[in-house]
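What follows is the residue order along each chain.
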Amino acid sequence: MSKIKIMDELLANKIAAGEVVEKCASVVKELVENSIDAESTVIKVELADSGIKEIKVTDNGVGMEREDAELAFFRHATSKIKDENDLFRINTLGFRGEALASIASVSKVTLKTSTGELGTQIEISGGIIENISNGDARQGTIISVRDLFFNTPARLKHLKSLQSELANIADFINKLALSHPHIKFTLVNNDTVILNTDGTGNLLKTINAIYGTEVSRNMFLVEDENEDYTVSGYISAPSIHRSNRNHIITLVNGRVVRNQELNRAINDSYHSYKPDSRYPIVVLNIEVDPSLIDVNIHPTKMDIKFSKFEQLIELVTNMIKNKIGRKNLIPKVEVKPELFSEKPKYEEMTLNLERISETEEKYSPIIMNEDFENNTIEHVIENVIENDILETKERMPEIYPVGLVHGTYIIGQNELGMYLIDQHAAKERINYEYYKAKLGNPDNESIALLFPFTIELTNSEFIIIKDKLEVLRNLKFDAEEFGINSLVIKAHPAWLPTGYEDVSTRKIIEIILNHGPNFSIEKFNEKIATTLSCKLAIKANENITLEEQEQLISDLRKCDNPFNCPHGRPTALFYSNYDLEKLFKRSGFDNIV
Ligand code: ZN
Ligand code: ZN
């Protein structure tokens with residue numbers, strides 16, 4: 001190659017680096033994907049200072065011959081398409097060929113590779129090959145990228161903080177590990193192990209390595225299929241959730257993809273089982289004939305479109321709802337075994353409630369990586385399979401009330417242990433399901449009032465509501481204009497709570513007034529049901545009799561979801577006999593006196 005050509009090539013690579021190499025994670029992505037393409041089963045990523053100083057990837061893949069190794073750093077030396085049926089590969093073409101050349105043009109690279117015979121070692125600085133020599137014969141590739149952007153300092157400034165570069169990389173490796181449970185991934189930063197999967201092919205073990213036992217033992221196995229799609233994976237119990245949707249991971253034919261609508265449908269399947277502002281942890285693999293998908297690949301994301309999308313959404317939604325609908329979801333209050341040591345402190349008693357601990361609010365890969373013992377995870381896997389399928393109506397066990405604390409919490413018991421029930425949350429749930437059923441029924445009856453009441457509004461409110469009288473009428477209100485800025489209500493739906501007719505009518509009118517332009521009747525009904533159920537539930541600090549407590553629990557048990565109030569908060573907590581004994585230090589002693 002002439003010198004001018006090489007200079008052109010270098011410049012083109014540097015320009016491309018600006019687009020392709022946005023952050024350290026882009027470099028990691030390129031290197032690790034090469035390792036996967038090389039059929040590696042063990043991939044180790046070692047970082048110095050979150051990758052800014054050095055990114056080193058070691059694999060046990062097929063390795064490269066010397067000629068290929070040299071060519072790999074040239075812009076148009078794109079490796080051939082290995083499998084023409086691989087849609088993903090075809091779409092990545094163009095990006096992949098340039099990436100390694102671009103990375104090499106803005107860093108110092110050492111490549112050691114071998115197919116098992118003579119090894120090759122190549123040193124490159126700023127895109128220029130400085131040295132080629134014989135390396136050792138160990139099969140596989142070790143590539144080290146140092147001093148990223150050393151020759152383009154302006155780009156260096158675009159890198160984020162060490163913490164956020166590391167979080168991006170961890171996020172990326174986590175997703176790869178979940179999509180390739182057969183590959184053993186290790187991620188290390190400055191000698192701290194951040195992730196270490198076992199590569200046995202067990203997805204739950206991979207989830208455990210990433211999220212820790214707290215999460216993995218609260219994951220449910222799901223699988224279902226229709227004519228075109230086969231879906232399988234793990235979904236978190238509703239009590240396990242995170243502050244962002246980053247942990248809803250969808251794979252298509254084993255590769256991580258993004259589809260916002262699909263993610264939304266997955267999240268919506270948990271509706272009212274968790275707070276709306278929180279998101280579940282989900283890993284779903286969708287198997288489908290590649291002709292039914294359309295993949296659009298950009299260096300930083302992989303968006304996907306599906307044919308027969310509605311059927312897919314229905315499949316996934318029903319699968320999740322069915323699974324959650326067959327579980328006893330009362331959160332268990334327990335003592336963490338590893339904390340139950342010689343000198344336990346009260347602070348160490350931890351509620352098994354993610355929502356209470358906000359440690360996960362700020363995404364930190366280091367916190368996520370929790371150590372576990374082998375027997376724990378085996379136990380977890382056993383449990384996930386075993387404790388399935390309860391009849392929908394028997395999900396919440398019989399609970400017998402024994403008393404009330406501060407007019408707020410009912411203490412209950414059965415042979416399994418003790419329960420605390422939040423009477424407001426419980427009543428809220430019962431009301432909510434009642435109103436939702438009524439609101440969803442178009443044949444609602446209406447009650448004519450002997451003494452109509454009026455509702456006064458401001459002039460601007462009045463203008464809006466005049467336009468929406470139809471909405472009130474559909475709800476079986478008889479409402480008319482009455483003088484200046486007032487409505488007269490002559491009849492109301494029969495299900496309005498007795499004694500609170502005008503209060504609830506006002507509430508409903510407020511909801512209509514505040515409802516945005518994209519008016520969906522479903523969301524509107526949801527809002528009315530949630531608002532009324534809260535306003536009309538028993539307040540805290542209200543003493544109810546033992547009979548009323550029994551009635552409340554019995555009504556709660558009849559609910560579709562007895563475990564959460566409409567806002568997603570728990571209605572009940574459970575203390576097993578075993579955990580009570582541990583809390584009082586009774587367990588482990590032979591003679592309790
Ligand atoms: Zn409330
Ligand atoms: Zn609530």
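Cut-offs and rules
- Here the residue numbering is sequential within each chain, running from 1 through the sequence in written order.
- The lettering of chains begins at A and the numbering of ligands begins at 1, in the order of writing.
- Per-residue local features are limited, in this predicted model, to residues with pLDDT of at least 70; the limit for side-chain atom pairs, both in listing and counting, is 80 or more; totals at the level of whole chains, interfaces and linings are taken over all residues.
- Side-chain measures were taken over the full set of non-hydrogen atoms in the model, leaving aside hydrogen atoms and water.
- Fitted lines through C-alpha atoms serve as axes, helices being fitted only where they are in contact, and the angles separating the N-to-C directions of these axes extend from 0 to 180 degrees.
- Put simply, DSSP marks the helices as runs of H or I at least four residues long and the strands as runs of E at least two long, and each gets a number from the N terminus on.
- An angle below 35 degrees is read as roughly parallel, one above 145 as roughly antiparallel, one from 65 to 115 as roughly perpendicular, and any other as oblique.
- It is the rotation of the near helix from the far one that decides the hand of a crossing: anticlockwise by less than a right angle makes it left-handed, clockwise makes it right-handed.
- The contact criterion used is simple: two residues touch if any of their non-hydrogen atoms lie within 4.5 Å.
- Polarity classes work like this: nonpolar for Ala, Val, Leu, Ile, Met, Phe, Trp, Tyr, Cys and Pro, charged for Asp, Glu, Lys and Arg, and polar for all others, with Gly in that last group.
- The rule for donors is simple: an N, O or S atom within 2.8 Å of the metal counts, and for Na, K and Ca the reach is 3.2 Å. Water is not among the atoms, so a site may look short of donors.
- Under the scheme applied here, a residue whose accessible area is under 20% of the maximum for its type counts as buried, over 50% as exposed, and between as partly exposed, the area being computed with a 1.4 Å probe on protein chains only.

Looking at the packing of helix α7 (residues 162-179) against helix α8 (residues 203-211)
Their axes nearest at 9 Å, the elements α7 and α8 cross at an angle of 165 degrees. As summarised for this structure, α7 and α8 are arranged roughly antiparallel, according to the angle between their axes. In this structure, α7 meets α8 at a crossing whose hand is right-handed. For the pair formed by α7 and α8, the contact residues are Asn174, Ala177 and Leu178 on the first element and Leu203, Thr206, Ile207 and Ile210 on the second. Its residues assigned to classes, the contact of α7 with α8 shows 5 nonpolar, 2 polar and no charged.

Considerations on the coordination of the zinc ion (ligand 1)
At this site the zinc ion (ligand 1) is bound by His424 (NE2), Glu428 (OE) and Cys534 (SG), with donor distances of 2.1 to 2.4 Å. Ordering the donors of the zinc ion (ligand 1) by residue number gives the pattern H-x3-E-x105-C. In this model, the zinc ion (ligand 1) sits 3.9 Å from the zinc ion (ligand 2), the two metals being bridged by Glu428. Linking His424 in helix α14 (residues 423-439) with Cys534 in helix α18 (residues 521-535), this pair joins segments that are 110 residues apart in sequence. Overall, Cys534 belongs to the partly exposed group, its relative accessible area being 23%.

Digging into the environment of Asn218
Position of Asn218 relative to the elements: it lies in the loop between α9 (213-216) and β9 (219-225). As for Asn218 and Ala237, which are separated by 19 residues in sequence, their C-alpha atoms are 5.5 Å apart.

Here's the deal with the coordination of the zinc ion (ligand 2)
Summarising the metal site, the zinc ion (ligand 2) is bound by the protein donors Glu428 (OE), Cys565 (SG) and His567 (ND1), whose distances to it range over 2.0 to 2.4 Å. Motif for the zinc ion (ligand 2), donor spacing along one chain: E-x136-C-x1-H. Overall, Glu428 belongs to the buried group, its relative accessible area being 1%.

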